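Below are the chains, spelled out letter by letter.
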Amino acid sequence: MKKREKVKKGLPVPNVYVLMLFVVLLCGILTYIVPAGEYSRVEGSGGQEVVDPDSFHYREQSPVGVMGLLESVPQGLVESAGMIFLIFILGGAFQVVQETGAIHTGVALLTNKLGKKEFIVIPVMMFLFSLGGALYGMAEETLPFIPIMILLATSVGYDSLVGTAIVLAGSTAGFAAAFLNPFTVGIAQGIAGLPLLSGMGLRVILYICMVTMAICYVLRYALKVKKNPEISTVRGIDRNRTDKLDMDESKKLTGGQILVLLTFAGTIGVLIFGVFRYGWYLQEISALFFGMSVLSALFTKMSPNQYGENLAKGMMGIAGGALAVGFARAILVVLEQGGIMDTILFGIAKGVAWLPGQISAMGMYLFQCLLNYVIPSGSAQAAVSMPIMAPLSDLVGVTRQTSVLAFQLGDGISNIFTPTSGLLMAGLALGKIPWNKWARFIGPLILLEYLLGAVFIIIAQAVHYGPF
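Below you will find a few notes about this structure. (Residues numbered from 1 in each chain as written. Predicted model: local features only at pLDDT ≥ 70, side-chain atom pairs only at ≥ 80, totals over all residues. Heavy atoms only, no water.)

### Structural notes on the overall build of the protein chain
In step 1: A tally of helices and strands in the protein chain yields 20 helices and four strands.
In step 2: In terms of overall size, the protein chain behaves like a compact globule, its C-alpha atoms giving a radius of gyration of 23 Å where 468 residues would be expected to give roughly 23 Å.
In step 3: For the protein chain, the C-alpha atoms occupy an extent of roughly 70 × 65 × 50 Å along the three principal directions.
In step 4: Relative to its 468 residues, the protein chain shows a buried fraction of 54%.
In step 5: Total accessible area on the protein chain is roughly 21000 Å²; 67% of this is exposed by carbon and sulfur atoms. (Helix = DSSP H or I, 4+ residues; strand = E, 2+ residues; numbered from the N terminus. Rg over C-alpha atoms; globule rule 2.2 N^0.38 Å. Buried < 20%, exposed > 50% of the residue type's maximum accessible area, 1.4 Å probe, protein only. Areas by Shrake-Rupley, 256 points an atom, 1.4 Å probe, with all protein chains shown as cover.)

Written as structure tokens, this is what we have:
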């Protein structure tokens, strides 16, 4: 008789749809328990809408019933339409580009050029993505690189988790530890009444530590997978990918493929210019990559029917991940309809105010970390929390610069872990990676980054971090 093999069972991670629907239900129950309340919204010094910290008042209870809970999902899909359609168009556009063979051949050429030095791709690319996050808050703008990084990573013996992490972990490390990001640090400092871009010294040190940690984590995992591919939790997924690189194929680019690669490079250049110069966002980015797909088809003489079929194939392949963005938004819809978002904010702020002075900064940090699971938008979180946290910091002996640091760390770190993050769900949709497998992979890094953030909050409090 053959001995039965023992199956190693880990802690099961729920399907992302089940997880989010459970949170929606929990929030619906809370609307019956937590008193409804709200802050008045006023125009801040920078023109953005912020809460008036002295205006909180309770209002009539408005619990969300069964029909409201059911409607929260389609409402979340409507409110997330811009992000959802960006994911669909990116998926369709890259399927068209993939069918031209240009990216595959280009990556094959690059792989041969790298030889045994392929590991340098991880630190170099992660550093570049982190700069985008630190300097200008680039987040959704990095999504188009995910399919390419996955193709490159899998072609040199890593897995799709590595390719996705190069983009997401790199850009988010820079975003969380940003020293120039106008959408987080800039807005928060403006609300707190601090000189814009002040306190850069400590933030630069934080940036170096945070990015180095992320690079080391991803590189260590990548080298382990290359040595023993069986440890990869996405090995089965990667085996079934249709966008594999055939190293035996011709390494010569055709004229049409060269034009496709130039079009892609030009699209990225126009994207960066449009974001920096004109503030382009989801709709403009979607239009840009849709145009790229049309030009790619024309340059390689793809027939209209082939173009349409490839576009639809790419969209269908990422539909599950794209729609998850709307399900995540349903959580915020329930909290807002039930009128308990501001009540929760008010209650936590009062709790922080009662903490002893020496740990108040840590309380603010924990508050911002938790708030980001509900409000993953950096600028929105700043507008809601900083008008409360900034004056509160004066009362509890914490510098306003420290309260801004607590905000940016709390806002940035979990953006590639929480399923309520549109950026994460979009990235996983493009990478065709289930959230539960990603969560197991990235979870330890998130904990390490939280710990590093706590260390810097302690340092900031100890040195009375101010505008130096």
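### Considering a nonpolar patch on the surface
In step 1: On the surface, Ile 258, Leu 259, Leu 262, Phe 290, Val 294, Leu 295, Leu 298 and Phe 299 cluster together into a nonpolar patch covering about 680 Å² of accessible area.
In step 2: Those elements that provide at least two residues to the nonpolar patch are α11 (255-278) and α12 (282-299).
In step 3: The leading source of residues in the nonpolar patch is α12, at five residues.
In step 4: Leu 298 gets classed as exposed once you look at its relative accessible area, which sits at 59%. (Patch = residues over 30% accessible without salt bridge, like charges linked within 9 Å, V, L, I, M, F, W, Y side chains within 5 Å. Salt bridge = Lys/Arg side-chain N within 4 Å of Asp/Glu carboxyl O.)

### Notes on the nonpolar core
In step 1: Grouped together as the largest cluster of nonpolar side chains are 144 residues, with contacts concentrated most on Ile 122, Val 162, Phe 289, Tyr 365, Met 386 and Trp 438.
In step 2: With near-sequence residues (within four places) excluded, Trp 438 lies in contact with Leu 161, Thr 164, Ala 165, Leu 168, Ile 416, Leu 424, Leu 428, Ile 433 and Gly 443.
In step 3: In this structure, Val 96, Met 302, Tyr 307 and Leu 311 belong to the second largest nonpolar core, which totals five residues. (Core = buried A, V, L, I, M, F, W, Y, C linked by side-chain atoms within 4.5 Å. Contact = heavy atoms within 4.5 Å.)

### A word on the pattern of salt bridges
In step 1: Counted under the stated rule, the structure contains six salt bridges.
In step 2: Across the salt bridge formed by Glu 79 and Arg 329, the nearest N and O atoms sit 2.8 Å from each other. Here Glu 79, found in helix α2 (residues 66-79), pairs with Arg 329, found in helix α14 (residues 319-337); they are 250 residues apart in sequence, far enough to count as distant.
In step 3: By relative accessible area, which is 37% here, Glu 79 ends up partly exposed.
In step 4: When the shortest N-O distance is used, the salt bridge between Arg 239 and Glu 230 registers 3.9 Å.

### Quick notes on the environment of Ile 89
In step 1: Structurally, Ile 89 is set in helix α3 (residues 81-100).
In step 2: Separated by 198 residues in sequence, Ile 89 and Ala 287 place their C-alpha atoms 8.4 Å apart.
In step 3: Ignoring any residue separated from it by four or fewer positions in sequence, one finds Ile 89 in contact with Ser 286, Phe 289, Phe 290 and Met 315.

### Points about α12
For an α-helix the count is 3.6 residues per turn, leaving residues at separations of three or four pointing the same way.
In step 1: Counted at 1.5 Å a residue, the expected span for α12 with its 18 residues is 26 Å, and the 26 Å between its end C-alpha atoms agrees.
In step 2: Residues of α12 that are buried: Leu 282, Ile 285, Ser 286, Leu 288, Phe 289, Met 292, Ser 293, Ser 296 and Ala 297.
In step 3: Structurally, α12 contributes buried residues whose contacts are with α3, α11 and α13 (304-317).
In step 4: Lys 301 lies just past α12 and shows a positive phi near 55°. (Expected span 1.5 Å × (residues − 1).)

### A closer look at the environment of Tyr 221
In step 1: As for its placement among the helices and strands, Tyr 221 is situated in helix α9 (residues 200-227).
In step 2: With relative accessibility at 15%, the residue Tyr 221 sits in the buried group.
In step 3: C-alpha of Tyr 221 to C-alpha of Leu 161: the two residues are 60 residues apart in sequence and 9.4 Å apart in space.
In step 4: Those residues in contact with Tyr 221, other than ones at most four positions away along the chain, are Asp 159, Leu 161, Val 162, Ser 232, Thr 233 and Phe 441.

### Side note on the packing of helix α1 (residues 16-33) against α2
In step 1: Put simply, α1 and α2 touch, their axes get as near as 10 Å, and they point 135° apart. Comparing their axes, α2 and α1 come out oblique. When the axes of α1 and α2 are compared, the crossing they make is right-handed. Where α1 abuts α2, its residues Leu 21, Val 24, Leu 25 and Gly 28 lie against Leu 69, Ser 72 and Val 73.
In step 2: Looking at the contact of α1 with α2 residue by residue, the classes come out as five nonpolar, two polar and no charged. (Axes fitted to C-alpha atoms, helices over the stretch in contact; angles between N-to-C directions. Parallel < 35°, antiparallel > 145°, perpendicular 65-115°, else oblique. Left-handed = near helix turned anticlockwise from the far one by under 90°. Nonpolar A, V, L, I, M, F, W, Y, C, P; charged D, E, K, R; others polar.)

### A word on the packing of aromatic side chains
In step 1: Counting across every chain of the model gives 14 aromatic pairs.
In step 2: Relative to Phe 346, the ring of Phe 56 has its centre 4.1 Å away and its plane inclined at 10°; by these criteria the two rings are stacked. Here the residue Phe 56 occupies a position in the loop between β3 (49-51) and β4 (57-58), and Phe 346 occupies one in helix α15 (residues 341-353), the gap between them amounting to 290 residues.
In step 3: Judged by relative accessible area, Phe 56 falls into the buried class, the value being 15%.
In step 4: Of the residues examined, Phe 346 reaches a relative accessible area of 22% and is grouped as partly exposed.
In step 5: Relative to Phe 264, the ring of Phe 94 lies with its centre 6.0 Å away and its plane at 70°, an arrangement referred to as edge-to-face. One end of the pair, Phe 94, is in helix α3; the other, Phe 264, is in helix α11, and 170 residues separate them in sequence.
In step 6: Each residue in the set Tyr 39, Phe 56, Tyr 58 and Phe 346 is aromatic and connected to the rest through ring pairs, giving one cluster. (Phe/Tyr/Trp six-rings, centres within 6.5 Å; stacked < 30°, edge-to-face > 60°.)

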